[in-house]
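# Topology and contacts: notes
The chain contents come next:
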Amino acid sequence: MEAILGLGIGAVVLIIAIIIVAALLFGGLRTSIFFTVKTQENVIVERFGKFKKVARPGLNTKAPFIETTTRPISLRVQQLGVDIESKTKDNVFVNVPVAVQYVVSEDSVVDAYYRLANPEEQIRSYVFDTVRSALSALTLDSAFESKDDIAHNVEQRLSQSMAAYGFRIVNTLVTDISPDSRVRDSMNSINAAQRDRVAAQSLAEADKIKRVTQAEADAEAMRLHGEGVAAQRKAIADGIAMQ
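Scoring rules and cut-offs
Residues numbered from 1 in each chain as written. Predicted model: local features only at pLDDT ≥ 70, side-chain atom pairs only at ≥ 80, totals over all residues. Heavy atoms only, no water. Salt bridge = Lys/Arg side-chain N within 4 Å of Asp/Glu carboxyl O. Helix = DSSP H or I, 4+ residues; strand = E, 2+ residues; numbered from the N terminus. Buried < 20%, exposed > 50% of the residue type's maximum accessible area, 1.4 Å probe, protein only. Patch = residues over 30% accessible without salt bridge, like charges linked within 9 Å, V, L, I, M, F, W, Y side chains within 5 Å. Areas by Shrake-Rupley, 256 points an atom, 1.4 Å probe, with all protein chains shown as cover. Phe/Tyr/Trp six-rings, centres within 6.5 Å; stacked < 30°, edge-to-face > 60°. Core = buried A, V, L, I, M, F, W, Y, C linked by side-chain atoms within 4.5 Å. Pairing = 2+ DSSP bridges. Axes fitted to C-alpha atoms, helices over the stretch in contact; angles between N-to-C directions. Parallel < 35°, antiparallel > 145°, perpendicular 65-115°, else oblique. Left-handed = near helix turned anticlockwise from the far one by under 90°. Contact = heavy atoms within 4.5 Å. Nonpolar A, V, L, I, M, F, W, Y, C, P; charged D, E, K, R; others polar.

## Brief notes about the pattern of salt bridges
In a structure, side chains of opposite charge can pair up when their charged atoms sit close to one another. Evaluation of the coordinates by the stated rule reveals three salt bridges. Residues glutamate 121 and arginine 124 are paired through a salt bridge, measuring 3.7 Å at the closest nitrogen-oxygen approach. Placement of both glutamate 121 and arginine 124 in helix H4 (residues 119-135) is noted, with a separation of three residues, approximately one turn of the helix. For arginine 124, a relative accessible area of 26% translates into the label partly exposed.

This is the structure we're talking about:
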């Protein structure tokens, strides 16, 4: 009887052990071994906090308990908008929105993750410094004409600086240069006054042309009239002389 009871207890323990192993294999242990990486993303695997490998898109494995994964690193093109308020050479405050498109190079994922903690803040710093330096040497009118040059300077500096951290600058755009509202109102008033002056000059020129043309016509009419009277008198005198 005791032998049968012992066998029953052993069987129960064995069944419980099998259930626990199965739960580990198909539950938490499975999820700690296998993981997936989405398209256009990479994941870094660390062992005891030290870099081990880069996991590419698809199904990947890692050693349970001793290896961990980082947050996904996107390989898509990302855009960062930076609004800059600065002063031009002629002391006009302007707002300059800049759009920077950048991407993490696939062969530089490790540098992008470990070497730079906050890439957006770093890009912002470079954009601020470059745009402010450029505007300080330009008047407001020159700044409007040099938007593309400013964007090119920003892109060139960012490309050189961010390449060391694994980032590639795709494009940089200066979308607008907007002065203070009072400056805009003054510029609109100046432009309106210039247009009014041009319109007045055009009207005066048209009136002058009209008057000159009329005077020339009157003079020509008087000349022709005088020639007609003279010819008439000559004909009368010739007639008298013949008689």
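## Some details on a nonpolar patch on the surface
Taken together, the side chains of Phe48, Phe65 and Ile66 define a hydrophobic patch exposed on the protein surface, amounting to about 400 Å² of accessible area. Take phenylalanine 65: it is sitting in the loop between strand S4 (58-61) and strand S5 (67-69).

## Let's talk about the packing of aromatic side chains
Describing an aromatic ring pair means giving the distance of the ring centres and the angle of the ring planes. Per the stated rule, a full pass over the model turns up three aromatic pairs. Every member of this aromatic cluster is reached through a ring pair, and the members are Phe51, Tyr113 and Tyr114.

## Here's the deal with the nonpolar core
Core analysis: the largest hydrophobic core is formed by 34 residues, its most contacted members being Val127, Val131, Ile150 and Leu158. Those elements that provide at least two residues to this core are strand S7 (78-87), strand S8 (93-104), helix H3 (109-114), H4, helix H5 (140-145), helix H6 (147-162) and strand S9 (167-174). Counting residues in each nonpolar core, the second largest holds five residues, with Phe35, Val37, Val43 and Ala55 among its members.

## Regarding unusual backbone geometry
The backbone of glutamine 40 sits at a positive phi, close to 65 degrees, despite the residue not being glycine. Note that glutamine 40 resides in the loop between strand S1 (34-37) and strand S2 (41-47). Phi angles above zero are rare outside glycine, and phenylalanine 48 is one such case at about 55 degrees. Topologically, phenylalanine 48 is positioned in the loop between S2 and strand S3 (50-55). Using a relative accessible area of 67% as the deciding quantity, one classes phenylalanine 48 as exposed.

## Re the pairing of S1
Here S1 shows one buried face, formed by Phe35 and Val37, and one open face, formed by Phe34 and Thr36. Where S1 and S4 come together, four bridges link them in antiparallel fashion. Bridged to phenylalanine 35 within S4 is asparagine 60.

## Topic: the packing of H4 against H6
Between H4 and H6, the least distance of the axes is 9 Å, while the angle of their chain directions is 140 degrees. Here H4 is positioned oblique relative to H6, judged by the angle of their axes. Crossing handedness for the pair H4 and H6: right-handed. In contact with Pro119, Gln122, Ile123, Tyr126, Val127, Asp129, Thr130, Val131, Ala134 and Leu135 of H4, H6 contributes Ile150, Asn153, Val154, Arg157, Leu158, Ser161 and Met162. Its residues assigned to classes, the contact of H4 with H6 shows eleven nonpolar, four polar and two charged.

## Details of the environment of glycine 49
Note on placement: glycine 49 falls in the loop between S2 and S3. Residue classification places glycine 49 among the exposed residues on the basis of a relative accessible area of 56%. With 17 residues separating them along the chain, glycine 49 and isoleucine 66 place their C-alpha atoms 9.1 Å apart.

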